[in-house]
Amino acid sequence: MRDLLEHGWRPTPIRDFILKVHSRCNLACDYCYMYEMADQGWRRQPRRMSRQVVGRVAERIAEHARTNLLTEVEVVLHGGEPLLAGAEHLRYVIETVLAAAEPDVRVGFSVQTNGVLLDEMFLDVFAEYGVSVGVSVDGDEEGHDLHRRRADGGGSYNSVVEGLGQLTRPEYRQLFGGVLSTIELRNDPVATYESLLTFAPPDMDFLLPHGNWDAPPPGRPPDESTPYGDWLIAIFDRWYGAETGETRIRLFSEIIRLLFGRMSASEAVGLSPVAVVVVETNGEIEQVDSLKSAYDGAAGTRLHVSRDPFDTVLSLPSVAARQIGRQALSASCLGCEAREVCGGGLYPHRYRTGTGFRNPSVYCRDLFKLITHIRDVLSRDLDGVAAVTV
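Values in this document were obtained by computation on a predicted structure and should not be read as measured data.

Trainee: Describe helix α7 (residues 189–197), with residues and values.
Mentor: Three or more residues of α7 are buried, namely Pro 189, Thr 192, Tyr 193, Ser 195, Leu 196 and Leu 197. In this structure, the buried side of α7 is in contact with β5 (176–182), β6 (203–207), α8 (227–240) and β7 (248–249). For α7, the N-terminal capping position is held by Asp 188, with its side-chain oxygen 3.2 Å away from the main-chain nitrogen of Val 190.

Trainee: Please set out the packing of α8 against helix α13 (residues 364–381) residue by residue, giving values where relevant.
Mentor: Helix-helix packing is characterised by the crossing angle of the two axes and by the distance between the axes. The interhelical angle for the contact between α8 and α13, taken along N-to-C directions, is 25°, at an axis separation of 7 Å. Looking at the two axes, α8 sits roughly parallel to α13. The two elements α8 and α13 meet at a crossing, and its hand is right-handed. Where α8 approaches α13, its residues Pro 227, Tyr 228, Gly 229, Asp 230, Leu 232, Ile 233, Phe 236, Asp 237 and Tyr 240 are matched on the opposing element by Asp 366, Lys 369, Leu 370, His 373, Ile 374, Val 377, Leu 378 and Asp 381. Taken together, the residues of the contact of α8 with α13 sort by class into 10 nonpolar, 2 polar and 5 charged.

Trainee: Could you give an account of the pattern of salt bridges, naming the residues involved and the relevant values?
Mentor: If you walk through the whole model with that rule in mind, you get 27 salt bridges. Asp 104 serves as the salt-bridge partner of Arg 66, at 2.9 Å between the closest nitrogen and oxygen. Of this pair, Arg 66 sits in helix α2 (residues 51–67) while Asp 104 sits in the loop between α3 (87–101) and β3 (106–113), placing them 38 residues apart in sequence. For Asp 104, a relative accessible area of 41% puts it in the partly exposed group. Of the charged contacts, one joins Arg 91 and Glu 128 as a salt bridge, the two residues approaching to 2.6 Å between their closest N and O atoms. Of this pair, Arg 91 sits in helix α3 while Glu 128 sits in helix α4 (residues 120–129), placing them 37 residues apart in sequence.

Trainee: An account of the environment of Thr 67 is requested, with residue identities and associated values reported.
Mentor: Along the chain, the position of Thr 67 falls in helix α2. Residues Thr 67 and Asp 311 lie 244 residues apart in sequence; the distance between their C-alpha atoms is 8.6 Å. Within the local environment of Thr 67, its side chain forms a polar contact with the backbone oxygen of Glu 63, the two atoms lying 2.8 Å apart.

Trainee: Let's hear about the nonpolar core: which residues, and what values?
Mentor: Counting 97 residues, the largest nonpolar core has Phe 126, Phe 206, Phe 252 and Phe 310 as the members making the most contacts within it. Here this core gets 7 residues from one element, more than from any other, and that element is α8. If near-sequence neighbours (up to four positions away) are discounted, Phe 252 is found in contact with Leu 232, Ile 235, Phe 236, Trp 239, Leu 370 and Ile 374. Counting residues in hydrophobic clusters, the runner-up holds 8 residues, among them Leu 291, Ala 298, Tyr 347 and Phe 357.

Here is what the cut-offs are and how they apply
Residues numbered from 1 in each chain as written. Predicted model: local features only at pLDDT ≥ 70, side-chain atom pairs only at ≥ 80, totals over all residues. Heavy atoms only, no water. Buried < 20%, exposed > 50% of the residue type's maximum accessible area, 1.4 Å probe, protein only. Helix = DSSP H or I, 4+ residues; strand = E, 2+ residues; numbered from the N terminus. Contact = heavy atoms within 4.5 Å. Polar contact = N/O pair within 3.5 Å; in protein donor to acceptor, adjacent residues only side chain to side chain. Axes fitted to C-alpha atoms, helices over the stretch in contact; angles between N-to-C directions. Parallel < 35°, antiparallel > 145°, perpendicular 65-115°, else oblique. Left-handed = near helix turned anticlockwise from the far one by under 90°. Nonpolar A, V, L, I, M, F, W, Y, C, P; charged D, E, K, R; others polar. Salt bridge = Lys/Arg side-chain N within 4 Å of Asp/Glu carboxyl O. Core = buried A, V, L, I, M, F, W, Y, C linked by side-chain atoms within 4.5 Å.

The following block contains the structure:
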């Protein structure tokens, strides 16, 4: 850290705060990084973030924004399943954060939910404060219910569709932020995409299942194949070839931005500094929670909102590693022509015992194939894009 600072590097202030308002879930998705992977710290967490912790979090967010001259920050209500906290508690969280931030810091709110509990009670609260609502859904009923099941083994698709039906009513549709879908290679990619289109989401994203070199993701053998790249390319071609824009697919849009030399707004690709922090239900400050998929304690910082300002997070070497761009890449990534666009892929997917996170993504070949395919398609279609190099 000292060497970085002496050479002029400065940390990027935190702009995105993920609040774990509830640590449990009403589904039992078998691929969940929170409950099914290396870090089982959720078992030690209180179920719901207390009002006392909420108050300290709100003060710390406002403090960080003002110290770093930020006029806008984003707060994500997260879990577990955040709706388990109850509509009135979510209202309390929102109002407490707003009260601490007023009048000079604007706070945007969003919630990421599995959709099962979405109803008028929650949506009225979200509408009152302009909370954007993202829903996790993995395709059609058969594809969704492969993994997103209840503890008794029953599927959740019909309940999610009911929740989406509430969200997409005219009086609430402006709250619809989009859908998140975790890739399942057994599901037909185009059928998955088109089933999600039936909800008319303004935004869509496809997530690579969490895995790493020690615990490879399903269907990702240690060979030259590119099953996830091929799956995504099928959707890209269908999406890009549509006569009119049907929705925004975040991964594809970010890759296109990067190909044109712009910064990425996603931690999945590119080399933009990651400026995100997580607060657990007990007030512990952690790094991005997807790190829990790597090993027990990977997201931990030993910091707590009761005693530590968020600026302290920025002094941690593990946080700096996600803000210094190509300096944190492995030698093989630095030698790759796709490095500026790929950026080494999502940080947790690089982990390997012995070398930590200084490795290519376990999805290296898939990402390279997807990026070069998108580059080639754009180069054929747009004047001047042929000059763009990966």
